[in-house]
Amino acid sequence: MKFLDFFAGIGGFRMGFEQVGHECVGHVEWDKYAQASYAAIYGQGREEEYANEFNGWDITTIAGADLPRADLWNFGAPCQDFSMAGKRAGLGGERSSLVQEVFRLYRETAEENRPTYLIYENVKGMLSSNGGRDFLAIITKMESLGFVVEWGMLNSKYWGVPQNRERVFTVGTRVDKWNGPSMQDLLLAQEVNGVQTKLRDVLEDSVDEKYYLAPEKRGRGGKGLANPLQATSDSNQVVVEQNYVDNISEKQSFAKRKSQKMLDENGYLPKMYNPYN
């Protein structure tokens, strides 16, 4: 399939789709630094092909007629207004409301060029934003455009990544192309898979010194938290080298909130302080 990568970031969606054989025909990304990373990842070694792809910056200035034909549109619109860590403005906010630009583009696109599939990804907080009404509005809009909508929450820890990262995936399939549920097997697979990869499985035993932070950049006294983590041989826990633990003060703060001690006297990380709990 050919796909368009909206709110592309540095191309996480694209990498997954390309790994299973699909072709990206264009992307849209506002942030200039993300654009630079995206170009470095996907343009290097294929400069001519990359130059011929559709490259959009501000989604609000793009018209449906500008877009190349694609079978699938994927979009992870900004999450800040849905996130539990934000002000939770929901669809009333300036950023998360940009998902509606995708629906505008769909309406503006000629029928023969419209995608068969829409895949929308966002944070778990979207489900509870404004009492669930925001997510209902998004689903209702997709249905009004002629899509059968499925959704489910996937967690990266069940798919080979040592990270607990819950994300809601909403899949729209055009009514005339729908052949039955497509997400059910994925959701069931999570229960069967379980957690298969842990942090100790990916930590390197030795790290080149070039990756260490220079002493003058390690904070007061030349020491600080910016030091490689090491896995102990007799424990599943992760420790920070003792030389850098001694200088850690109980007065250090996290996210400018209440001061918390982040490491115990042995250098273990028993619990990171989360100011949003």
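Whatever comes next refers back to the structure up there.
In this report, we go over the structure that sits alongside the text. Just so we're clear, the structure is a prediction, and the values are computed from it rather than from any experiment. Every chain begins its residue count from 1, and numbering advances along the sequence as written. At least 70 in pLDDT is required for a residue's local features to be given in this predicted model, at least 80 for side-chain atom pairs to be given and counted, and no such filter applies to totals for whole chains, interfaces and linings, which use all residues. The basis for every side-chain value is the complete set of heavy atoms in the structure, and neither hydrogens nor water enter the calculation.

A helix here means a DSSP run of H or I that spans at least four residues, while a strand means a run of E at least two residues long, and both kinds are numbered starting from the N terminus. Helix and strand counts for the protein chain come out as 8 helices and 9 strands. Residue exposure (1.4 Å probe, protein chains only): buried if accessible area is under 20% of the type maximum, exposed if over 50%, otherwise partly exposed. Here the protein chain holds 277 residues, and 36% of them are scored as buried. The contact criterion used throughout is that any non-hydrogen atoms of two residues lie within 4.5 Å. Relative to all contacts within the protein chain whose residues are 6 or more apart in sequence, the contacts with residues 24 or more apart total 61%. Summing over all exposed atoms, the protein chain offers an accessible surface of approximately 16,700 Å²; the carbon and sulfur share of this is 49%. Accessible areas in this description were obtained via Shrake-Rupley with a 1.4 Å probe; residue shielding takes into account the shown protein chains only.

This next bit is on the pattern of salt bridges. The rule for a salt bridge is simple: a side-chain nitrogen of Lys or Arg has to be within 4 Å of a carboxyl oxygen of Asp or Glu. Within the structure shown, the criterion is met by 11 salt bridges. Put simply, Arg14 and Glu18 hold a salt bridge, and the shortest N to O gap is 2.9 Å. Taken together, the residues Arg14 and Glu18, both in helix H1 (residues 12-19) and 4 residues apart, mark about one turn of the helix. Arg14 gets classed as buried once you look at its relative accessible area, which sits at 0%. You can call Glu18 partly exposed: its relative accessible area is 33%. Notably, a salt bridge pairs Arg104 with Glu101, separated by 2.7 Å at the nearest N-O pair. Taken together, the residues Arg104 and Glu101, both in helix H4 (residues 99-108) and 3 residues apart, mark about one turn of the helix. Owing to a relative accessible area of 17%, Arg104 belongs among the buried residues under this scheme.

Turning our eyes to something else, we now look at the nonpolar core. To form a nonpolar core, buried Ala, Val, Leu, Ile, Met, Phe, Trp, Tyr and Cys residues must be joined to one another through side-chain atoms within 4.5 Å. By size, the foremost hydrophobic cluster in this structure holds 32 residues, and its most contacted members are Phe6, Leu67, Trp73, Phe75, Val99, Tyr120 and Ile138. Those elements that provide at least two residues to this core are strand E1 (2-6), strand E2 (23-28), strand E4 (72-75), H4, strand E5 (117-123), helix H5 (133-144) and strand E6 (147-155). Sort the elements by how many residues they give to this core and H4 lands first, with 5 residues. When residues no more than four places from it in sequence are discounted, the contact partners of Ile138 are Phe82, Leu91, Val99, Phe103, Tyr120 and Met126. Judged by nonpolar contacts, the second largest core, of 11 residues, contains Cys24, Tyr38, Tyr42 and Tyr50.

Quick look at the pairing of E1 now. Taking burial as the measure, the 5 residues of E1 include 4 buried ones, the bulk of the element. Strands are treated as partners if at least two bridges between them are detected by DSSP. As paired strands, E1 and E2 are joined by 4 bridges and run parallel to one another. The partner of Phe3 across the bridge, within E2, is Cys24. For the crossover that starts at E1, traverses H1 and ends in the parallel E2, the hand is right-handed. Here the term right-handed applies to a crossover when the path leading from its first strand over the helix to its second strand runs clockwise, the strands being oriented away from the viewer.

Here we take up the layout of surface pockets. Residues are said to line a cavity or pocket when one of their atoms sits within 4 Å of a point; the points come from a 1 Å grid over protein atoms alone, cavities being sets where a 1.4 Å probe fits but cannot get out and pockets being open sets with protein on both sides within 12 Å along at least five of seven lines. Grid points are joined across faces, edges and corners, and a volume is the space filled by probe spheres set on the points. Looking at the largest pocket, its volume works out to about 1,300 Å³. Phe13, Ile119, Glu121, Leu154 and Phe169 are, among the 42 residues lining the largest pocket, the residues nearest its centre. Those elements giving two or more residues to the lining of the largest pocket turn out to be E1, H1, E5, E6 and strand E7 (166-174). No other element matches the 5 residues that E5 contributes to the lining of the largest pocket.

Note on aromatic contacts: the rings of Phe and Tyr and the six-membered ring of Trp form a pair at centre separations within 6.5 Å, being stacked when their planes are under 30 degrees apart, edge-to-face when over 60 apart, and tilted otherwise. According to the stated counting rule, one finds 11 aromatic pairs in the structure shown. One aromatic cluster in this structure is built from Phe3, Phe13, Phe17 and Phe169.

Taken in spatial order, the 7 strands of this open sheet run E3-E2-E1-E4-E5-E7-E6, and their pairing is mixed. Each end of this open sheet is capped by a strand with a single partner; those strands are strand E3 (54-56) and E6. Taken pair by pair, the neighbouring strands of this sheet meet at an average axis angle of 20°, ignoring direction. Of the strand pairs in this sheet, E6 and E7 are connected by 9 bridges, and their pairing is antiparallel. Note that in E7 the partner of Leu154 across the bridge is Arg167. As a rule, the C-alpha atoms of each element are fitted with a line to give its axis, helices using only the stretch in contact, and angles between N-to-C directions run from 0 to 180 degrees.

Following both chains from N to C, one finds H4 and H5 inclined at 10°, their axes separated by 11 Å at the closest point. As summarised for this structure, H4 and H5 are arranged roughly parallel, according to the angle between their axes. Note on element contacts: H5 touches H4 through Ile138, Lys141 and Met142, opposite Val99, Phe103 and Arg107. Ten residues, namely Ala, Val, Leu, Ile, Met, Phe, Trp, Tyr, Cys and Pro, are considered nonpolar, four, namely Asp, Glu, Lys and Arg, are considered charged, and the remaining ones, Gly among them, are considered polar. The class makeup of the residues in the contact of H4 with H5 is 4 nonpolar, no polar and 2 charged. By the definition adopted for this analysis, an angle is roughly parallel if under 35 degrees, roughly antiparallel if over 145, roughly perpendicular if from 65 to 115, and oblique otherwise.

Counting through the fold element by element, Asn74 comes out in strand E4. For Asn74, a relative accessible area of 0% corresponds to the buried category. The term polar contact refers here to a pair of N or O atoms within 3.5 Å; inside protein, the definition further demands a hydrogen-donor-capable atom paired with an acceptor-capable atom, and it admits residues adjacent in sequence only when both atoms are side-chain atoms. Polar contacts involving the side chain of Asn74 include one to the side chain of Asp5, which spans 2.7 Å.

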